[in-house]
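Observations on the three-dimensional arrangement
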Amino acid sequence: MSSGTVAVTVDGVHVRVPEGDSVLSAVRTAGADIPALCHDDRLRPAGSCRTCLVRVDGKIVASCVTPATAGAVVEVDDVRGLRRDAVELMVSALPPRALDTYDSELARACAASGIDATAARSPGGRGVDTSHPYVHLDRDLCIACGRCVRMCSDLQGTFALTLVGRGADTVVAPGRGGSWAESDCVACGGCVDTCPTGAITEPGAAAGITSAVGPTGTTRTTCGYCGVGCALDVVAEDGRVTAVLPARDGPVNRGHACVKGRFAHGYLESRDRLTRPLVRRGGVLEPAEWDEALDRVAAGMRQAIADGGPDAVGLISSARATNEENYLLQKFMRVAIGTNNIDNCSRLCHSPSAAGLTASFGLAGGTDSFDDVERTDCLLVVGANPIEAHPVVGARLLQRVLAGAKLVVADPRAVGLAHHADVHVRPRPGTNVALFHGIAHVLVAEGLIDEAFLRERATGLPELTALLADYPPDTVASITGVPAQDIVAAARLYGRAKRPAIVYGLGVTEHLHGTDGVRTLANLAILRGAVGTGHGGYGVNPLRGQNNVQGASDMGALPDLLPGYARVDDESARARVERVWGLPVPSHPGMRIPQMFAAARAGRLRALWIVGEDVCATDPDANRVGDALDACPLVVCNELFLSETARRADVVLPVASWLEKDGTFVNFDRRFQRVRRAVGPPVGVRTDFAVVHALAARLGVDLGCPTPAAALDEAARLTPHFAGLSHDRLDREGAVPWPCPHPDRPGEATLYLDRFATPDGRAHLAAAPYLPPGEQPDDDYPLILVTGRGWAHYNSGSMTRRGANLDLVARDVLDVHPDDADRFGLRDGEPVVVRSRHGQAHLVARVGDATAPGQVFSTFHFPAGGVNRLTSDHADTVTSCPEYKVTAVCVHPG
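Read on for a plain summary of the structure. (Residues numbered from 1 in each chain as written. Predicted model: local features only at pLDDT ≥ 70, side-chain atom pairs only at ≥ 80, totals over all residues. Heavy atoms only, no water.)

With respect to empty space enclosed by the protein
This model, assessed by the stated rule, comprises eleven cavities of 30 Å³ or more. Quantified by volume, the largest cavity comes out at close to 650 Å³. Considering the residues around the largest cavity, the lining is formed by 39 residues, among which L506, E510, T787, G788 and K885 are closest to the centre. Within the residue set of the lining of the largest cavity, elements represented by two or more residues are α11 (386-389), α18 (506-509) and β31 (783-788). Quantified by volume, the second largest cavity comes out at close to 140 Å³. Forming the boundary of the second largest cavity are 15 residues, of which R320, L640, A656, S657 and K661 lie nearest the centre. Here the lining of the second largest cavity is built from residues that sort into six nonpolar, six polar and three charged. (1 Å grid on protein atoms, 1.4 Å probe; cavity = no way out; pocket = protein on both sides within 12 Å on 5 of 7 lines; lining within 4 Å. Points joined across faces, edges and corners; volume = space filled by probe spheres on them. Helix = DSSP H or I, 4+ residues; strand = E, 2+ residues; numbered from the N terminus. Nonpolar A, V, L, I, M, F, W, Y, C, P; charged D, E, K, R; others polar.)

Some thoughts on the pairing of strand β35 (residues 855-859)
Within β35, five of the five residues are buried, leaving the element largely enclosed by the surrounding structure. Covered by surrounding structure in β35 are Q855, F857 and T859 together with V856 and S858, the residues of both alternating faces. Bridge analysis of β31 against β35 gives five bridges, and the strand direction is parallel. If you follow V786 over to β35, its bridge partner there is F857. (Buried < 20%, exposed > 50% of the residue type's maximum accessible area, 1.4 Å probe, protein only. Pairing = 2+ DSSP bridges.)

Remarks on the pattern of salt bridges
Within the structure shown, the criterion is met by 51 salt bridges. A salt bridge links D140 to R126; the shortest N-O distance between them is 4.0 Å. Here the residue D140 occupies a position in the loop between β7 (136-138) and α5 (147-156), and R126 occupies one in the loop between α4 (105-113) and β6 (128-129), the gap between them amounting to 14 residues. Assessed through its relative accessible area of 7%, D140 is described here as buried. Measuring nitrogen to oxygen at the nearest pair gives 3.0 Å for the salt bridge that ties R729 to E733. (Salt bridge = Lys/Arg side-chain N within 4 Å of Asp/Glu carboxyl O.)

Things to note about the environment of G190
Turning to its location among the elements, G190 is positioned in helix α6 (residues 190-194). Assessed through its relative accessible area of 5%, G190 is described here as buried. Sequence separation of G190 and A622 is 432 residues, and the distance between their C-alpha atoms is 38 Å.

What to know about the packing of aromatic side chains
As enumerated under the stated definition, the model contains 14 aromatic pairs in all. Between the aromatic rings of Y134 and F263, the centroid separation amounts to 4.6 Å while the plane-to-plane angle is 5°, which identifies the pairing as stacked. Of this pair, Y134 sits in the loop between β6 and β7 while F263 is found in helix α7 (residues 259-263), placing the two residues 129 residues apart along the sequence. Here Y134 falls in the buried class, since its relative accessible area comes to 8%. Taken together, the ring pairs connect F361, F453, Y752 and F756 into an aromatic cluster. The ring of F857 has R413 sitting right over it, with the charged end atom 3.5 Å from the ring centre. Above the face of the F862 ring, R801 is positioned so that its terminal group lies 6.0 Å from the ring centre. (Phe/Tyr/Trp six-rings, centres within 6.5 Å; stacked < 30°, edge-to-face > 60°. Lys NZ or Arg CZ within 6 Å of the ring centre and 35° of its normal.)

A closer look at the sheet that holds strand β32 (residues 813-816)
Strand pairing in a sheet relies on backbone hydrogen bonds. The paired strands run either parallel or antiparallel. The six strands lie next to each other as β31-β35-β32-β34-β33-β36, forming a closed barrel whose pairing is mixed. Each strand of the sheet is rotated relative to its neighbour by a mean of 45°, with strand direction disregarded. (Axes fitted to C-alpha atoms, helices over the stretch in contact; angles between N-to-C directions.)

Regarding the packing of helix α9 (residues 323-337) against helix α26 (residues 708-718)
Each pair of packed helices can be described by the angle between their axes along with the distance between the axes. Across the interface, α9 lies against α26 with an axial gap of 9 Å and an inter-helix angle of 65°. When the interaxial angle is binned, α9 and α26 end up roughly perpendicular. For the pair α9 and α26, the crossing hand works out as left-handed. On α26, the residues touching E324, Y327 and K331 of α9 are P708, A711, L712, E714, A715 and L718. Residues of the contact of α9 with α26, tallied by class, amount to six nonpolar, no polar and three charged. (Parallel < 35°, antiparallel > 145°, perpendicular 65-115°, else oblique. Left-handed = near helix turned anticlockwise from the far one by under 90°. Contact = heavy atoms within 4.5 Å.)

A look at the nonpolar core
If you look at the biggest cluster of nonpolar residues, it comprises 158 residues, and the most contacted ones within it are F332, F361 and W609. Formed by 42 residues, the second largest nonpolar core is a distinct cluster that contains V87, V91, C148 and I200. (Core = buried A, V, L, I, M, F, W, Y, C linked by side-chain atoms within 4.5 Å.)

Re the sheet that holds strand β27 (residues 663-666)
Strand order in the open sheet formed by three strands is β27-β28-β29, with antiparallel pairing between adjacent strands. This sheet does not close on itself; its edge strands, each paired only once, are β27 and β29 (735-737). Strand-to-strand twist across the sheet, computed as the mean angle between neighbouring axes with direction ignored, equals 35°. Direction of pairing for β27 relative to strand β28 (residues 671-675): antiparallel, over a ladder of four bridges. Residue T664 lies in a different strand from β28, and its bridge partner there is R674.

Things to note about the layout of surface pockets
Of the pockets and cavities examined, the largest pocket occupies roughly 1200 Å³. Around the largest pocket, the lining is made up of 41 residues, and of these D184, V186, E388, W791 and R846 lie nearest the centre. Among the secondary structure elements, those contributing two or more residues to the lining of the largest pocket are α11, β32, β34 (840-847) and β35. Of the residues contributing to the lining of the largest pocket, the split by class is 18 nonpolar, 13 polar and ten charged.

Here we look at unusual backbone geometry
Backbone phi values are negative for most residues with the exception of glycine, while trans is the configuration of most peptide bonds. With an omega of 0°, the peptide bond between W738 and P739 qualifies as cis. Here P739 shows up in the loop between β29 and β30 (763-764). Look at D57: it is not a glycine, yet its phi comes out positive at around 50°. Inspection of the secondary structure assignment puts D57 in the loop between β3 (53-56) and β4 (59-62). What makes D57 exposed here is its relative accessible area of 51%. Even without being glycine, N795 reaches a positive phi, approximately 50°. In this fold, N795 is placed in the loop between β31 and α28 (805-808). Take N795: its relative accessible area is 13%, and that puts it in the buried class.

Side note on the side chain of R347
With respect to the helices and strands, the residue R347 is situated in the loop between β17 (342-343) and α10 (351-360). Note on R347: relative accessible area 5%, which makes it buried.

Note that all results are geometric; they support no functional claim without further evidence.
Structure representation (structure tokens):
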């Protein structure tokens, strides 16, 4: 056996457990079942309840806090009576319903020990707290085990709970006092999931269901909200979802979730759910049968082609759709229509990541597995607020910081991880490139670079070094507003770390020069030799915004790239695809999303199919987007609800959600994971996969790929990146990263160990000068607006606003610094009118110091507020990604 395990004997059974494991682990490995009511494998052990007592080498100990040592002799059965006494004493302080009502961990321990409800003798009376929509507290059932408190602090990092009272009166309570709804709770559900007694429950869910002990018949799937890729177990009864539980063995989430994935499934049964197609007749959308709706779409596409050729048709695919649906959609456009006019919403968020990472390293994905973050000793988090936008990732990053890793945060706002940072730099929006050059300048000047790595595995150092001479800290301070000493401090923390990691978000990409931002950020990892080594750190990794924004691009839902990122203007790449498809592929790149809207306004785009995207709510300069849809003769929407975009459509097709379909997603660190149907869609609703096939058939084209599994199999034949992937493999292994060229070998979690994927095999440093953003404040528009996401809602809110998340956050607000509130006569909690050069929005002011003077911030989850009517059509010069992060505005009392 390896030296990493120890041998232990448990009631005569010989077992081996990993070195450092507890005696409790050894007991369970031996097959013995003992209670451990204060213990959760996800948390640090406490040893407070004494229900897991055993004898080790003659001494009575709490097994959960006692390390297993080599040769230890553990007696379990011999002290059964002591464990029973500990459980019975605990039960005596509870009311009988603790055992009668709940199939809890405690109730099961009692049943195993022969303890019935007569042992529960408390009359109760400590009261309940039902103020929160997702978390209810019954104080009479609390045994003060502390699991919920540790879950909130150790795993989630919110520190919203505490234990109050003394002795038998000790009970869990919100840390700030008051009701649960008024607390700092972010509704991750961790306390519900870990509670062993039923004291903390999810209203409406079957009592006692947790991720540790769920009912039989759950469906394992992958979350359809953000790009983290949490594995979830869905509990359904009579065709209804009754609970969604975080999978304890989830490769990314490890038994954790957030308010959206855990609780926000009420939209499935919303009265607003579309269940019949809608067709515009006489200017009004009216219900229709599927045959009529599909015939209308097919006829409209034929007419568009007749009027303007195949390039008169465009399709906006969806990051919410599966890989297989995106694959089929791009194939439909290329072979049924004959155009490359397909794009997806990565255009609006991480297209600069794809372009920048490809230019720097060779592939359009993050460089490492997120698991590697456990080894980092310094985190550089840039332009991201993962605590809110990617809560499970944010929690894991915070865990690493609390364990001792240094943290540098670069973000204009003081939110989330910034509160825990060793150095927080707050650059003016739009000045990222200058900031990254300033950090690089210090790395080079102070010798904090890996010269051997740069010599052997990188190119472009002389050009970059020459450029960096123009970016000393004092100069960068004048551009960014970041004090020079903070730039130096950030560079030294990152430069002196043994295993530095870069994690970034949309605050890097959504700029006029977003691709330059990605490349100059990547420079830092290249200079340090902290990428492509397997031991030098966690590379450079983007936090993808939507559940399948990585996969939609991987599958070729892009105007210039085929599945696997082969270029459409590469003859050999097209030939490879044509051999599989048996049909020609158009050779010239198609239109990007902004180009489609411009072409529609100009009369060149005659038909536009929008799959699962509310472009009138989420795309910039929304008034102009609406003009484009109004000008297009045929607009088709696949939707769950009558969104702002669907209201302008000519045909609306009701489609299934992620809980109602089969396929795969790719998460932010390139892992393919299965999506499985947990419940059927409502009667009259079809999957996007079925809709594409039905429309292709009406156009006389057989797309093949009769099932989602067959679609992924075909994609695997097109590119070596996916050649080793299949539904069967994912069903066996759970998650597999790409590249995965071999079905019998692991995927490449860490990239570039041997060489970079660039033509010369080297990482490419970028000597891109700082250029100003597309908009600047002036006397008429003196403030800079930054937009982003909040913790309770997702994108346009179409799913999260149709459930109890609305009770948590009921509107978009405008964060304003107190100095600006005084300057413009704004009061906290009162309505304001926000105007830009492009439109206006109506919001409510929230005055505080999260934003810097001269800057304001708002989410965009409530389309009625009109936030994206403010944003401009300025876009990244390389990829056309909109500049959501810099809009000049003025604000007045509303």
